[in-house]
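Below, each chain spelled out in residue letters.
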Amino acid sequence: MTNLGAVLLPQQPPERLREVVRAAEGAGLEELWLWEDCFLAGGISSAAAALAWSERLRVGVGVLPVPLRNVALTAMEIAAVERMFGGRAIWGVGHGVQDWMGQVGARVSSPLTLLGEYLAALRGLLTGKRITVQGRYIQLDDVALDWPPAAAPELLAAATGPRTLGLVGECADGVVLTSATSVDGVHEAVETVRRYRAGVGRMGVPRVVVYVATATGPGAADRLHADLARQGREDLAGIGVAGDARAIADAVVRYAEAGADTVVLQPTEDADPLDFVRFVAEQVRPLVPA
């Protein structure tokens with residue numbers, strides 16, 4: 001079954017989160033995804049609040065920028081949320097936008113090295129191990145969590161280029177793909193992740209999450225184009241979908257057939273988040289076959 005989710009864009013003020021969570025839960029939305037974009041709302045604090053205001057909704061954080069967060073602190077916070085909310089959170093990490101990382105003095109010369117070291121250390125801590133490591137970027141001396149989660153969660157990582165996709169295949173449990181990814185791009189990314197995963201003897205199928213820029217209602221196509229233009233993506237072929245519930249459901253199916261396990265619909269900035277989560281749950285979901 002294809003999981004279907006929606007993004008609550010971080011351009012919405014944090015005080016709107018509660019009503020959006022309640023609307024998503026009430027409408028039967030499966031997954032609500034949050035972003036930790038600089039310098040908007042914190043990803044873990046927002047996820048914890050969303051989980052506290054819901055009982056069934058799964059909450060994804062896609063993604064936490066690893067240069068911004070000490071790995072021990074990230075492990076502590078994830079572990080606490082996991083213990084309190086029973087595995088309803090979905091955790092993703094990534095390089096972070098390099099210009100933003102530079103603004104806060106956290107930019108590194110090798111984001112790929114940092115991500116690999118970070119994933120290894122974070123996984124170890126969340127599985128209850130005591131870690132000592134002296135890496136290029138990650139240094140831990142006899143560190144273990146006093147309150148590790150009962151079961152270590154899956155760790156996803158964002159990736160676009162082939163080198164990061166390869167690292168994700170080797171080190172993460174799945175990949176988060178941006179809304180700049182076409183259907184063909186999903187297929188290619190999945191094959192790259194699986195190839196590298198098999199190369200290090202990792203069994204099982206990685207989880208694949210993809211964001212899809214989405215517009216519905218009056219002027220949907222124009223609004224989608226304007227949104228993509230703001231992101232500098234208007235010239236990319238085959239990304240985004242505009243139209244009614246049927247058109248959007250058909251796009252979800254195409255992404256799923258390309259290998260996406262979870263399709264997360266990303267609204268335009270001018271969309272009302274309450275209307276959007278209800279639209280996804282009540283109108284698009286019934287049209288997406290199990």
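Residues numbered from 1 in each chain as written. Predicted model: local features only at pLDDT ≥ 70, side-chain atom pairs only at ≥ 80, totals over all residues. Heavy atoms only, no water.

(A) Broad picture of the layout of surface pockets. Volume-wise, the largest pocket comes out at about 840 Å³. Sorting the residues of the lining of the largest pocket by element identifies β3 (58-65), α4 (98-103), β8 (174-177), α8 (220-230) and β11 (262-267) as the ones contributing at least two each. When residues in the lining of the largest pocket are grouped by element, the largest group, three residues, is from β3. Here the lining of the largest pocket is composed, by residue class, of 13 nonpolar, twelve polar and six charged. What the second largest pocket holds in volume is close to 160 Å³. Forming the boundary of the second largest pocket are Ala72, Met76, Ala79, Ala80, Arg83, Val143, Ala144, Leu145, Asp146 and Trp147. At five residues, the largest contribution of residues to the lining of the second largest pocket is made by helix α3 (residues 71-85). (1 Å grid on protein atoms, 1.4 Å probe; cavity = no way out; pocket = protein on both sides within 12 Å on 5 of 7 lines; lining within 4 Å. Points joined across faces, edges and corners; volume = space filled by probe spheres on them. Helix = DSSP H or I, 4+ residues; strand = E, 2+ residues; numbered from the N terminus. Nonpolar A, V, L, I, M, F, W, Y, C, P; charged D, E, K, R; others polar.)

(B) Broad picture of the packing of aromatic side chains. Considering all chains together, one arrives at two aromatic pairs under this definition. Seen in terms of ring centroids, tryptophan 33 and tyrosine 211 are 6.1 Å apart; in terms of plane orientation they differ by 85°. Their pairing is edge-to-face. In this pair, tryptophan 33 sits in strand β2 (residues 31-34) while tyrosine 211 sits in strand β9 (residues 207-215), placing the two residues 178 residues apart along the sequence. By the burial criterion, tryptophan 33 is buried, and tyrosine 211 matches it. Ring centres of tryptophan 35 and tyrosine 211 lie 5.5 Å apart, and the angle between their planes is 70°; on these two criteria the pair is classed as edge-to-face. Highlighted residues: tryptophan 35 in the loop between β2 and α2 (43-52) and tyrosine 211 in strand β9, separated in sequence by 176 residues. Both residues of the pair, tryptophan 35 and tyrosine 211, belong to the buried class. Taken together, Trp33, Trp35 and Tyr211 form an aromatic cluster joined through their ring pairs. (Phe/Tyr/Trp six-rings, centres within 6.5 Å; stacked < 30°, edge-to-face > 60°. Buried < 20%, exposed > 50% of the residue type's maximum accessible area, 1.4 Å probe, protein only.)

(C) How the structure looks around the UniProt feature "domain: Luciferase-like" (unreviewed entry) in the chain. Under the present numbering, the feature "domain: Luciferase-like" (unreviewed entry) in UniProt falls on residues 10-222. The straight-line gap between the two end C-alpha atoms of residues 10-222 is 22 Å; of that span, 41% is helix and 21% is strand. (UniProt positions renumbered as here; feature names shortened; annotations may be inferred.)

(D) Quick peek at the pattern of salt bridges. One pass over the structure, following the stated rule, counts 14 salt bridges. Between arginine 16 and glutamate 19 there is a salt bridge; the shortest N-O distance is 2.6 Å. We classify glutamate 19 as partly exposed; its relative accessible area is 35%. The shortest N-O distance in the salt bridge between aspartate 270 and arginine 223 comes to 3.1 Å. A residue pair is termed long-range when its members are at least 10 positions apart, and aspartate 270 in the loop between β11 and α10 (273-284) and arginine 223 in helix α8 qualify at 47 residues. Because the salt bridges share partners, they merge into one network encompassing Arg16, Glu19 and Asp272. (Salt bridge = Lys/Arg side-chain N within 4 Å of Asp/Glu carboxyl O.)

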